[in-house]
Amino acid sequence: MPLQDIERVVSELAVELANPDWDRAVPPTEGHQRDIPLIVGAGVDPSAMPIPLLHACRRRWGVPQGWTRSCCPICGARPGFAEVCGVERTRYLRCLRCGAAWQAHGLSCVFCGTTEHEKLGSLLPQEGAPKWAIEVCNSCRGYLKVFMALRPSAPERVLSKDLETVELDLVAGERGYRRPDVPA
């Protein structure tokens, strides 16, 4: 598929993800339990929901305050990447399914939870100040792309940002790392 066609499809997807017509189909949440994703609490299987509806759920419900788990607080997916934002370098994990952003610290693997610093590492660009890194875990062989930014990406741009940086996935894969995609 030519690059122009891919860019067109990504642009059309961003428009559909922001479409407020999906908001009418958002299920109600009854008494959110603090430690489970909102969709699970609403009794819905997120894997059966179209991505624009997951974005509508995020818009309607918002990200719960104080969420500390490494899975998405809206749909339960593993993070697709992290963004380190602003001068205070706040770290946000980002969901590829619903576009949610939630704060997390970076001293553990988001996939297996190890905090053993000798098993955690980074792949960095060879030149200049890094605008990205690939955090790796030698315990589970997982990796997470990390981007430096002034502010978090718009939720509708999260999926396209991930697609635009596929070369980082190739670099990690060549070194034997994988990105677990199983819901937490």
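That block above? That's the structure.
Report on the accompanying structure.

### Some thoughts on the overall build of the protein
And step 1. The helix and strand inventory of the protein stands at five helices and six strands.
And step 2. Of the regular secondary structure in the protein, the N- to C-terminal order runs α-α-α-β-β-β-β-β-β-α-α.
And step 3. Taking the principal axes of the C-alpha coordinates as reference, the protein spans close to 50 × 40 × 30 Å.
And step 4. Charge centroids of the protein, computed over 22 positive and 22 negative side chains, lie 4 Å from each other.

### Observations regarding helix α5 (residues 166-174)
And step 1. Of all the positions in α5, only Leu168, Asp169 and Ala172 are classed as buried. Projection of α5 onto a plane perpendicular to its axis shows the buried side chains occupying an angular sector of 105 degrees, all on one side. Seen from the buried face of α5, the exposed residues on the opposite side, beyond 90 degrees, are Leu170 and Glu174.
And step 2. The secondary structure elements touched by the buried residues of α5 are β4 (120-123), β5 (132-137), β6 (143-149) and α4 (158-164).

### Things to note about helix α3 (residues 51-61)
And step 1. With eight of 11 residues buried, α3 is to be regarded as a mostly interior element.
And step 2. Listed as buried for α3 are Pro52, Leu53, Leu54, His55, Ala56, Cys57, Arg58 and Trp61.

### Section: the sheet that holds strand β1 (residues 81-85)
And step 1. The strand order β3-β2-β1-β6-β5-β4 describes an open sheet built from six strands, whose pairing is mixed. At either end of the open sheet lies a strand with only one pairing partner, and these are β3 (101-103) and β4. The sheet shows a mean angle of 30 degrees between the axes of neighbouring strands, direction not considered.
And step 2. When strand β2 (residues 90-94) meets β3, the two strands line up antiparallel, connected through three bridges.

### Observations regarding the side chain of Asp162
And step 1. Within the secondary structure layout, Asp162 lies in helix α4.
And step 2. At a separation of 2.8 Å, a polar atom in the side chain of Asp162 contacts the side chain of Arg179.

### Here's the deal with the pattern of salt bridges
And step 1. This structure, assessed with the given rule, holds 12 salt bridges.
And step 2. Across the salt bridge formed by Asp23 and Arg59, the nearest N and O atoms sit 2.8 Å from each other. Taken together, the positions of Asp23 in the loop between α1 (3-17) and α2 (38-41) and Arg59 in helix α3 put the pair 36 residues apart, joining distant regions of the chain.
And step 3. Using a relative accessible area of 19% as the deciding quantity, one classes Asp23 as buried.
And step 4. With a closest N to O distance of 2.7 Å, Lys145 and Asp162 form a salt bridge. Of this pair, Lys145 sits in strand β6 while Asp162 sits in helix α4, placing them 17 residues apart in sequence. Considered together, Lys145 and Asp162 belong to a single accessibility category, that of buried residues.
And step 5. One connected set of salt bridges, linked through shared partners, spans Lys145, Asp162, Asp169 and Arg179.

### Let's talk about the pairing of β5
In summary, the side chains of a regular strand alternate between the two faces of the sheet.
And step 1. As paired elements, β4 and β5 share four bridges and run antiparallel to each other. Looking at the pairing, Leu120 lines up with Cys137 of β5.
And step 2. Taken together, the five bridges between β5 and β6 define a ladder with antiparallel strand orientation. Of the residues in β6, the one forming a bridge with Val136 is Tyr143.
And step 3. Between β5 and β6, which pair antiparallel in sequence order, lie five residues; one of them, Arg141, sits at a positive phi of approximately 70 degrees.

### Concerning the state of the cysteines
Here a disulfide denotes one covalent bond, and it connects the sulfur atoms of two cysteines.
And step 1. Applying the stated criterion across every chain yields a total of zero disulfides.
And step 2. With no disulfide of its own, Cys71 has Cys72 as its nearest cysteine by sulfur position, at a separation of 7.4 Å.
And step 3. Not engaged in a disulfide, the cysteine Cys85 finds its nearest cysteine sulfur in Cys95; these two sulfurs lie 16 Å apart.
And step 4. When its relative accessible area of 3% is taken as the criterion, Cys85 is described as buried.

Criteria and thresholds
- Residues numbered from 1 in each chain as written.
- Predicted model: local features only at pLDDT ≥ 70, side-chain atom pairs only at ≥ 80, totals over all residues.
- Heavy atoms only, no water.
- Helix = DSSP H or I, 4+ residues; strand = E, 2+ residues; numbered from the N terminus.
- Lys, Arg positive; Asp, Glu negative; His and termini not counted.
- Charge placed at Lys NZ, Arg CZ, Asp CG, Glu CD.
- Buried < 20%, exposed > 50% of the residue type's maximum accessible area, 1.4 Å probe, protein only.
- Arc of directions from axis to C-beta.
- Contact = heavy atoms within 4.5 Å.
- Pairing = 2+ DSSP bridges.
- Axes fitted to C-alpha atoms, helices over the stretch in contact; angles between N-to-C directions.
- Polar contact = N/O pair within 3.5 Å; in protein donor to acceptor, adjacent residues only side chain to side chain.
- Salt bridge = Lys/Arg side-chain N within 4 Å of Asp/Glu carboxyl O.
- Disulfide = S-S within 2.5 Å.

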